[in-house]
Amino acid sequence: MTSHATQPQWDEARAIAVAHVDKTYHLPADKVRAANARLPFLFAAALPGASAVLVHGGAVVDGGGTGALGGYLDAVGVYGDHALTADDVLDLLYVFRAFPPLDAADGSPNAYVTDERGELAMRIAWHGEQADFTLAYRIDSDRGGEPDDSDDDSDDDGSDEDDDDTIMTVAQWTLHLARGAAPTWSEARREWDYEAERFVP
């Protein structure tokens, strides 16, 4: 999807973003940089604790959750040509503060797996005019640390037991996106073999 917004509209939105950055962070206009043409009016911004500024409805977006995110996606029309990428969705999760509702014991919503390849990579899958965006989280207490290679789990007779040091629980959170509907999260937990780099069948 390429934005159909006009240059004057982009210029107006950038002026709003620049004013926000100046008032909130006391930073100059050059901190608001090139925009994402797929997502009007999203601007890259080098800010404390933020990497983007989104202007929507004449104001800077400050959270709002999945409901506000869905309203924005409907307004800009992302469901026709499937150009929305996983990175685009991730940017919007930060802007709208719409990450999955993890339990506190499972860690921070920002602590998703950042692997770029394989089954744990974040991804978006299109199904007609609907899309599913998936993030993975390591749930075990080691939060993705290297498996324990100690030999402490041997039997008394000296033989090694099969242990689960290389197995961790992964929560896959999927954001369901559809035109005219508020996005919703769903969770599925699976066992991940750290050594084999695949899910346990």
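What you are looking at is a predicted structure, and each value in this text was computed from that prediction instead of being measured. (Residues numbered from 1 in each chain as written. Predicted model: local features only at pLDDT ≥ 70, side-chain atom pairs only at ≥ 80, totals over all residues. Heavy atoms only, no water.)

Chemist: What is the right way to read helix α1 (residues 7-25) from this model?
Modeler: For an α-helix, the turn length of 3.6 residues means that residues three or four places apart are oriented alike. Here α1 is 19 residues long and its end C-alpha atoms lie 26 Å apart, about the 27 Å a rise of 1.5 Å per residue gives. Elements in contact with the buried residues of α1: β1 (32-35), β2 (42-47), β3 (50-56) and β4 (59-60). Downstream of α1 by one or two residues, H26 has phi in the positive range, about 55°. (Helix = DSSP H or I, 4+ residues; strand = E, 2+ residues; numbered from the N terminus. Expected span 1.5 Å × (residues − 1). Contact = heavy atoms within 4.5 Å.)

Chemist: Looking at this structure, I do not really get the sheet that holds strand β8 (residues 184-193). What am I missing?
Modeler: In space, the 5 strands of this open sheet follow the order β5-β6-β7-β8-β9, with antiparallel pairing throughout. What marks the edges here is a single partner per strand, and that holds for β5 (123-127) and β9 (198-199). Packing against the sheet, helix α3 (residues 86-96) makes contact with β5, β6 (130-138), β7 (167-178) and β8, and its axis sits at approximately 70° to β6. (Pairing = 2+ DSSP bridges. Axes fitted to C-alpha atoms, helices over the stretch in contact; angles between N-to-C directions.)

Chemist: I'm lost on the pairing of β6 in this one. Help?
Modeler: Looking along a regular strand, one sees the side chains alternate between the two faces of the sheet. Most of β6 sits out of view: 7 of its 9 residues are buried. Pairing geometry for β6 and β7, over 9 bridges, is antiparallel. Bridging from a neighbouring strand, L135 pairs with W173 of β7. (Buried < 20%, exposed > 50% of the residue type's maximum accessible area, 1.4 Å probe, protein only.)

Chemist: I'm lost on the packing of helix α2 (residues 65-76) against α3 in this one. Help?
Modeler: Angle between the axes and distance between the axes: these two values describe a pair of packed helices. Where α2 meets α3, the closest approach of the two axes is 9 Å, and the angle between their N-to-C directions is 130°. Relative to α3, the element α2 lies oblique. α2 and α3 meet at a crossing whose hand is right-handed. Residues G65, A68, L69, Y72 and L73 of α2 touch α3, and the partners they reach there are L92, L93 and F96. Residues belonging to the contact of α2 with α3 are distributed by class as follows: 7 nonpolar, 1 polar and no charged. (Parallel < 35°, antiparallel > 145°, perpendicular 65-115°, else oblique. Left-handed = near helix turned anticlockwise from the far one by under 90°. Nonpolar A, V, L, I, M, F, W, Y, C, P; charged D, E, K, R; others polar.)

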